[in-house]
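Analysis of the macromolecular model
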Amino acid sequence: MVGMMGAGKTAVGTNLAKRLAVPFLDSDEEIEKAADRTIAEIFSRDGEAFFRRKEAQVISRLLESEQCILSTGGGAYLSEDNRAAIADKGVAVWLKADIDLLWNRVRHKTTRPLLNTGNPEKTLRDIYDARVPYYEKCDLQVQALPRYSIDQMTDAVIDALLTRPDVLEKD
């Protein structure tokens, strides 16, 4: 699962994993476990470049594990190495949410270190504009709509995955 913060990668990924009876893994959670600190603490103490190096290591390790649904951090797919690793071991699904939906979902969260700026809405828009060209490289794109429940979004992801019989077959 690839996409911006607030796109629903964790919620939809967890639901999708349950439906497909496979494990759900979240690269950010795994990074926090390995570092024994939060993403915000890692950013604050070690900086974004350090975090991105560790993120790539964790994603590579997780992709070598069992078949699963993997939710990546919003910036993970910007790395060419991460994109190649994901393409080699699976399929990238972009949960494509528009900027208004994303802002509505993240504006009250304090756990987004990249948004700790004087104008977090503008920062989110800038990040969005910079990342969309990378997300467009995903194998599959699924539009997130405000009216969709987690189950409806999961249905849309399954429909997209069914277009790839090498990944998911109809029962």
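Below is a short write-up of the structure. Note that the structure is a prediction, hence the values are computed from the model and not measured. (Residues numbered from 1 in each chain as written. Predicted model: local features only at pLDDT ≥ 70, side-chain atom pairs only at ≥ 80, totals over all residues. Heavy atoms only, no water.)

Here's the deal with the pattern of salt bridges
- Summed over all chains, the structure comprises 11 salt bridges.
- Between R45 and D46 there is a salt bridge, with the nearest N and O atoms lying 3.1 Å from each other.
- Here R52 makes a salt bridge to E48, at a shortest N to O gap of 3.1 Å. Placement of the pair is R52 and E48 together in helix α4 (residues 48–64), with a separation of four residues, close to one helical turn. (Salt bridge = Lys/Arg side-chain N within 4 Å of Asp/Glu carboxyl O. Helix = DSSP H or I, 4+ residues; strand = E, 2+ residues; numbered from the N terminus.)

Some thoughts on helix α5 (residues 80–89)
- Every buried residue belonging to α5 is among N82, R83 and I86, and all of these are buried. With its buried residues spanning 100 degrees around the axis, α5 presents them on a single face. In α5, the exposed positions angled more than 90 degrees off the buried face are occupied by E80, D81 and D88.
- Where α5 is buried, its residues touch α4 and α7 (120–135).
- At the N-terminal end of α5, a side-chain oxygen is found 3.3 Å from the backbone nitrogen of D81, two or three residues along, and the residue is S79. (Buried < 20%, exposed > 50% of the residue type's maximum accessible area, 1.4 Å probe, protein only. Arc of directions from axis to C-beta. Contact = heavy atoms within 4.5 Å. Polar contact = N/O pair within 3.5 Å; in protein donor to acceptor, adjacent residues only side chain to side chain.)

Concerning the packing of aromatic side chains
- Within the structure shown, the criterion is met by two aromatic pairs.
- With 5.6 Å between their ring centres and 40 degrees between their planes, W94 and Y135 make a pair best called tilted. Of this pair, W94 sits in strand β3 (residues 93–96) while Y135 sits in helix α7, placing them 41 residues apart in sequence. For the pair W94 and Y135, a shared accessibility class is recorded, and that class is buried. (Phe/Tyr/Trp six-rings, centres within 6.5 Å; stacked < 30°, edge-to-face > 60°.)

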